[in-house]
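# Commentary on secondary and tertiary structure
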Amino acid sequence: MEQLAIVARLKDGTEPRAQELLANGAPFDPDAEGLARHTVYISAGEVVFVFEGHEVEWIVDGVVTEPYRWTASEAFDAWRPIIDGQPRIARVAYSWDRESSSVQ
């Protein structure tokens, strides 16, 4: 399974607003988009959106750039005032899972 993360720095004091924005889940249907998993991590200074699935970069690109996805566009607009700078893409550098590490 392929993974992709989008990392964004939060402006000081905006963690509560970020939590509010995340309370209702994704502004799109992850299953309908073809994702296997979608997780969001939040800290006092950053938010990390993790997407997993086959050809995940194409899926994320479609969600982000499709002009007629009104709920996603509105969600991005809500995030803009609390994001400091440009979000960054992060790709997997190391991964471990129990199923792949069977003892021989």
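## So, unusual backbone geometry
Across residues other than glycine, the phi torsion is negative in most instances, and most of the peptide bonds are trans. Positioned with a positive phi, Glu 55 is a non-glycine residue whose angle comes to about 55°. Along the chain, Glu 55 falls in the loop between strand 3 (46–53) and helix 3 (56–65). Glu 55 sits in the partly exposed class, given a relative accessible area of 42%.

## Considerations on the pattern of salt bridges
Using the criterion set out here, one finds 5 salt bridges in the structure. Where Glu 57 meets Arg 91, a salt bridge forms, and the shortest distance between an N and an O atom there is 3.1 Å. Placement of the pair is Glu 57 in helix 3 and Arg 91 in strand 4 (residues 88–91), with a sequence separation of 34 residues.

## Remarks on the pairing of strand 3
Most of strand 3 sits inside the fold, with 6 of its 8 residues counted as buried. Bridge analysis of strand 1 (residues 2–9) against strand 3 gives 8 bridges, and the strand direction is antiparallel. Across the sheet, the residue bridging to Arg 9 is Glu 46, located in strand 3. As paired strands, strand 2 (residues 37–42) and strand 3 are joined by 6 bridges and run antiparallel to one another. Paired with His 38 across the strands is Phe 51, a residue of strand 3.

## A short note on the side chain of Glu 52
Along the chain, the position of Glu 52 falls in strand 3. The class of Glu 52 is buried, set by a relative accessible area of 8%. Those residues in contact with Glu 52 that sit more than four places away from it in its chain are Met 1, Glu 2, Gln 3, Leu 35, Ala 36 and Arg 37.

## Here we look at the layout of surface pockets
What the largest pocket holds in volume is close to 850 Å³. What lines the largest pocket is a set of 32 residues, among which Ile 6, Phe 49, Val 64, Phe 76 and Trp 79 lie closest to the centre. Counting residues per element, the ones that place at least two in the lining of the largest pocket are strand 1, helix 1 (15–22), strand 2, strand 3, helix 3, helix 4 (70–79) and strand 4.

Basis of the calculations
Residues numbered from 1 in each chain as written. Predicted model: local features only at pLDDT ≥ 70, side-chain atom pairs only at ≥ 80, totals over all residues. Heavy atoms only, no water. Helix = DSSP H or I, 4+ residues; strand = E, 2+ residues; numbered from the N terminus. Buried < 20%, exposed > 50% of the residue type's maximum accessible area, 1.4 Å probe, protein only. Salt bridge = Lys/Arg side-chain N within 4 Å of Asp/Glu carboxyl O. Pairing = 2+ DSSP bridges. Contact = heavy atoms within 4.5 Å. 1 Å grid on protein atoms, 1.4 Å probe; cavity = no way out; pocket = protein on both sides within 12 Å on 5 of 7 lines; lining within 4 Å. Points joined across faces, edges and corners; volume = space filled by probe spheres on them.

It is worth stressing that arrangement in space is one thing and function is another; only the former is reported here.
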